[in-house]
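Coordinate analysis (summary)
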Amino acid sequence: MSCTDVLCCIIFILFIIAYILLGLVAWVHGDPRRVAYPTDSKGHFCGQKGTPNENKTILFYFNLFSCTSPSVVVNLQCPTTQICVSKCPEKFLTYMEIQFMYRTNKHYWMYYSQFCKSPFVKPAKTVTQVLLDDDCPIAIFPSKPFLQRCFPDFTTKNGTLTVGNKTIFEDGSGKKRNAIELRRAANRVNKILDARAIGMKVFEDYATTWYWILIGLTIAMLLSWLFVILLRFTAGFLFWVFMVGVIGIIGYGIWHCYQEHSNLQGRPNSHLTIYDIGFQTDISMYFQLKQTWFAFMIILCLLEVFIILMLIFLRERIRISIALLKEGSKAIGYLPTTLIYPVLTFIFLSICIAYWAVTAIYLATSGVPIYKVISPERTCKHENTTCNPEIFNTTEIARVCPGAQCNFAFYGGKSLYHQYVPTFQMFNLFVFLWLINFIIALGQCALAGAFASYYWALKKPDDIPQYPVFTAFGRAIRYHTGSLAFGSLILALIQMFKLVLEYLDHRLKEAQNNISKFLQCCLKCCFWCLEKMVKFFNRNAYVMIAIYGKNFCRSARDAFNLLMRNVLKVAVMDKVTDFVLILGKILVAGCIGVLAFLLFTHRLPVMIEGPTSLNYYWVPLLTVIIGSYLVAHGFFSVYAMCIDTIFICFCEDLERNDGSREKPYFIAPTLHGTLNKMQLVPLKQKE
């Protein structure tokens, strides 16, 4: 056996070395504190120890009415002065009011001056001068700290929006404003505020139910392991358990949706549609509508009918899938270490994800503070040009564009490294996708090599080599790194193009017309189909690499030709077996999901007492369901790879051998007998 696709292996190693060097350079130039701490208009951190802002941990906006720029959503930067403060304002005050109050009580000015850029002995400047010099805000409103930033303290009383128990207030320039205007002006920021509130509630729910989630995932792991073991002895029985269980779980879901729909009869506003209430950050509002439960019930009914029809029309072919499941269970029984391999894949994937995320953060925080000209009306011709905050008020820009600010925008620089930071981010993402696909390909090739050694052992288990998983893994790393890197590179390029399309769609969404949107959808659909097709061919190519040790292109060609010559067998066995395994995953996730639902909604008080006072019971519920599905997927993916490998080996076996003593079939007698009845193999071996 010799190394395959050496050139691609060398390129892959060079990319990894460059990736490591990029991480080292990013760690030298980056500063994660720039993510942890908010930054004022001068680029100083709020709350950083050892600085004048050590006790000033919150960012304060001078004029929140200016916060209508789209950049607010990205980096919370408003076209207004921002300073670090120790606490947010707690009352309504304007600069003009302070000038009058100062004459009788200087305490008011001491309170107000903490929201100015620099301390003043007294409020001697006029409002116009304050606006020009931008020394102090012309008005402050009751606020609360969220995301370490001062946001208006919005509340609703009797359906009326208020700020600090007021609906009408002075904005400091002599105008009357209401809470709705402030809400509209800070609409983008308030979306972040709502998301923050939901995030806090979700965090509280996780803090309350984390041990229940771990218990649920542990049960899912044990249940998956139990199913894998029992499939070896009772594949047919367990298959029908899968069927009855899935149909029963979906049936319970239909009944529950009907009950919820009936309970909402006569309740106020339950007749409203999702279109009527629009987008709401409080998800529970949708569950108070009859339309929501009716839609869920229709979807579950269609799913139930689809599964039943599949069982009716595929009842003969299901016998073959059961035979394959038994053979796969026997192979896993001889190779139990294959069930542990998904844990190794998970560790590798976790390392790659962590490295990519840390490198991306360090790259994003590389450089020195860059300041840009920002004007509230966005009419200044110098908008977004670089500026110096120390001398900005004395420049021509300040005279040409009244009201313009020189605010901190991002971290960057003029060096060669800083100019290519966006390119480095793209490189970071691309190599990350390449590594992720390589790790998955390595797992598939290692498992395929182990299961192929089982199939081609004439006397099982005597002819199976020792430590087959370890041997196949070492063989894949030593000889086929280039081939696996080649296949994963193709997939990474397709995924990178998909991400670029998504980015362009997001950036150009408002400027698109119907034709461009249609073309965009067509491109997305084509790339989605291409990705699925490449994944399918790669998977079978890795099996051929594990069996014959040929390069990627030749293995992919041989796998494609082999599958085309046995297209009937592909339709009969491979896909039906995948359907059975998917139902097994749904059953595991469904069983754990039903138990979690009964627990989190306090419907098991007699047996066990669940967590109390949850904000959103569906948050831990979805976590348990999705987590259980992923756990089951880890176990059943080994099964799927086993069956795919046995299927490829089976097709090769039929073409290479004729059943004679010189060329006997390697297929198991029980599977051979089952396939005889479907006339998919010769009726008997030749003497």
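What you see is a predicted model; the values in this text were computed from it and never measured.

**Details of the overall build of the protein**
Across its full length, the protein holds 22 helices and 12 strands. Per-residue burial for the protein yields a buried fraction of 46% across its 687 residues. Surface exposure of the protein reaches about 36,100 Å², of which carbon and sulfur atoms provide 65%.

**Brief notes about helix α19 (residues 552-565)**
The end-to-end C-alpha distance of α19 is 20 Å, a good match for the 20 Å that 14 residues give at a rise of 1.5 Å each. Three or more residues of α19 are buried, namely F552, S555, D558, A559, L562 and L563. Down the axis of α19, the buried side of the element spans an arc of 135 degrees, and every buried residue falls inside it. N-capping of α19 is provided by N551, with a side-chain oxygen placed 3.4 Å from the backbone N of C553.

**Quick look at the confidence of the model for the protein**
Confidence in the prediction for the protein averages 78 pLDDT; 79% of positions are at 70 or higher. Mean pLDDT across the secondary structure elements of the protein bottoms out at helix α3 (residues 71-75), with 41, and peaks at helix α1 (residues 6-29), with 92. Note on residues 70-76: pLDDT under 50 across the span, and 17 contacts to partners over four residues away in sequence or across chains.

**Looking at the state of the cysteines**
Summed over the entire model, instances satisfying the criterion amount to three disulfides. Covalently, C88 is tied to C150 through a disulfide, its sulfur atoms 2.1 Å apart. The chirality of the disulfide connecting C88 with C150 is left-handed, given an S-S dihedral of about -95 degrees. Here C88, found in the loop between β2 (82-85) and β3 (93-94), pairs with C150, found in strand β6 (residues 149-152); they are 62 residues apart in sequence, far enough to count as distant. Note on accessibility: C88 and C150 belong to one class, buried. Across a sulfur-sulfur distance of 2.0 Å, C116 and C136 are joined as a disulfide pair.

**Describing the pattern of salt bridges**
Under the counting rule described, the total for this entry stands at seven salt bridges. Residues K524 and E502 are paired through a salt bridge, measuring 3.7 Å at the closest nitrogen-oxygen approach. In this pair, K524 sits in helix α18 (residues 514-548) while E502 sits in helix α17 (residues 481-507), placing the two residues 22 residues apart along the sequence. Classification of E502 by relative accessible area gives partly exposed; the value is 41%.

**Brief notes about the packing of aromatic side chains**
Under the criterion given, the structure shown has 26 aromatic pairs. Aromatic side chains Y455 and W456 sit 5.1 Å apart centroid to centroid with 80 degrees between the ring planes, which places their arrangement in the edge-to-face category. Each ring, one from F536 and one from F537, has its centre 5.5 Å from the other, and the planes form 65 degrees; the classification is edge-to-face. For F536, a relative accessible area of 29% gives the class partly exposed. Given the relative accessible area of 24%, F537 is considered partly exposed.

**What about helix α21 (residues 618-656)?**
Here α21 spans 54 Å end to end across 39 residues, near enough to the 57 Å set by a 1.5 Å rise per residue. The largest bend in α21 amounts to roughly 30 degrees and is located at F635.

**Structural notes on the side chain of T645**
Topologically, T645 is positioned in helix α21. By relative accessible area, which is 0% here, T645 ends up buried. Contact partners of T645, with chain neighbours within four places excluded, come to A448, F451, A452 and V543.

**Focus: the pairing of β2**
On β2, burial covers both faces: Q82 and C84 on one face and I83 and V85 on the other are all buried. Strand direction decides the pairing type here: strand β1 (residues 58-61) and β2, joined by four bridges, are antiparallel. If you follow F60 over to β2, its bridge partner there is I83.

**Things to note about the packing of helix α15 (residues 421-455) against helix α16 (residues 468-479)**
When two helices pack together, their arrangement is given by the angle between the helix axes and by the axis-to-axis distance. For the pair α15 and α16, the least separation of the axes is 8 Å and the interaxial angle reads 130 degrees. Here α15 is positioned oblique relative to α16, judged by the angle of their axes. Considering the relative orientation of α15 and α16, their crossing is right-handed. Residues L442, C445, A446, G449, A450 and S453 of α15 lie in contact with α16, whose contacting residues are P468, V469, A472, F473, R475, A476 and I477. Taken together, the residues of the contact of α15 with α16 break down into 10 nonpolar, two polar and one charged.

**Some thoughts on a nonpolar patch on the surface**
A cluster of nonpolar side chains, namely V6, I10, I13, L14, I17, I20, L21, L24, W27 and V358, defines an oily patch on the protein surface of about 870 Å² accessible area. For the nonpolar patch, the leading source of residues is α1, giving nine residues. Looking at where L14 falls in the secondary structure, it is placed in helix α1.

**With respect to the nonpolar core**
With 106 residues, the main nonpolar core has I332, F451, Y455, L484, F636 and Y639 as its most contacted residues. A per-element tally of this core places α15 first, with 20 residues. In this view, F451 contacts A331, I332, L335, T338, V638, M641, C642 and T645; residues no more than four positions away in its chain are not counted. Core analysis: the next-biggest nonpolar cluster, separate from the first, contains 18 residues, C88, L93, C116 and C136 among them.

**Quick word on the side chain of H261**
Tracing the backbone through its elements, the reader meets H261 in helix α8 (residues 187-263). A relative accessible area of 17% means that H261 is categorised as buried. In this structure H261 touches K290, W293 and F294, once residues within four positions along its chain are discounted.

**Remarks on the pairing of β6**
Burial of β6 is two-sided: the residues R149 and F151 facing one way and the residues C150 and P152 facing the other way are all buried. The pairing of strand β5 (residues 143-146) with β6 spans four bridges and is classified as antiparallel. Within β6, the residue paired with K144 across the bridge is F151.

**Remarks on unusual backbone geometry**
Positioned with a positive phi, D5 is a non-glycine residue whose angle comes to about 50 degrees. Along the chain, D5 falls in the segment before α1. The backbone of Y467 shows a phi angle near 50 degrees, a positive value even though the residue is not glycine. Residue position: Y467 is located in the loop between α15 and α16.

About the criteria used
- The residue count restarts for each chain, going from 1 along the sequence in the order it is written.
- Reporting of local features is limited, given that this is a predicted model, to residues whose pLDDT is at least 70; pairs of side-chain atoms are given and counted only at 80 or more, and all residues count toward the totals for whole chains, interfaces and linings.
- Excluded from the side-chain calculation are hydrogens and water; included are all heavy atoms of the structure.
- Strands here are runs of E lasting at least two residues and helices are runs of H or I lasting at least four, both read from the DSSP assignment and numbered beginning at the N terminus.
- Burial status follows relative accessibility: with a 1.4 Å probe on protein chains alone, a residue under 20% of its type maximum counts as buried, one over 50% as exposed, and anything between as partly exposed.
- In short, Shrake-Rupley with a 1.4 Å probe defines the accessible areas, and a residue's cover is counted only from the protein chains shown.
- A helix is expected to span 1.5 Å multiplied by its residue count minus one.
- The directions from the helix axis to the C-beta atoms form the arc being described.
- As used in this structure description, the phrase polar contact means that two N or O atoms lie within 3.5 Å; if the pair is within protein, one of them must be able to donate a hydrogen and the other to accept it, and residues adjacent in sequence are counted only when both atoms belong to side chains.
- Values of pLDDT, which run from 0 to 100, indicate the predictor's confidence residue by residue.
- Should any heavy atoms of two residues lie within 4.5 Å, those residues are counted as being in contact.
- When two cysteine sulfur atoms lie within 2.5 Å, the pair is treated as a disulfide.
- What counts as a salt bridge is simple: a side-chain nitrogen of Lys or Arg found within 4 Å of a carboxyl oxygen of Asp or Glu.
- Pairing of aromatic rings covers Phe, Tyr and Trp, the last counted by its six-membered ring, and requires centre-to-centre distances within 6.5 Å; plane angles under 30 degrees mean stacked, over 60 mean edge-to-face, and any other angle means tilted.
- To get the bend at any residue, fit one axis to the seven residues that end at it and another to the seven that begin at it, then take the angle between the two axes.
- A pair of strands counts as paired when DSSP detects no fewer than two bridges linking them.
- Working convention: axes come from line fits to C-alpha atoms, limited for helices to the stretch in contact. Angles between N-to-C directions cover 0 to 180 degrees.
- We call two directions roughly parallel when the angle between them is under 35 degrees, roughly antiparallel when it is over 145, roughly perpendicular when it lies between 65 and 115, and oblique otherwise.
- Note on convention: the crossing is left-handed when the near helix lies turned anticlockwise from the far helix by less than a right angle, right-handed when the turn is clockwise.
- Each residue gets one label: Ala, Val, Leu, Ile, Met, Phe, Trp, Tyr, Cys and Pro are nonpolar, Asp, Glu, Lys and Arg are charged, and the others, such as Gly, are polar.
- Patch membership requires over 30% relative accessible area and the absence of a salt bridge. Like charges are linked within 9 Å, and nonpolar side chains (Val, Leu, Ile, Met, Phe, Trp, Tyr) within 5 Å.
- The definition of a nonpolar core used throughout is a set of buried Ala, Val, Leu, Ile, Met, Phe, Trp, Tyr and Cys residues joined through side-chain atoms within 4.5 Å.

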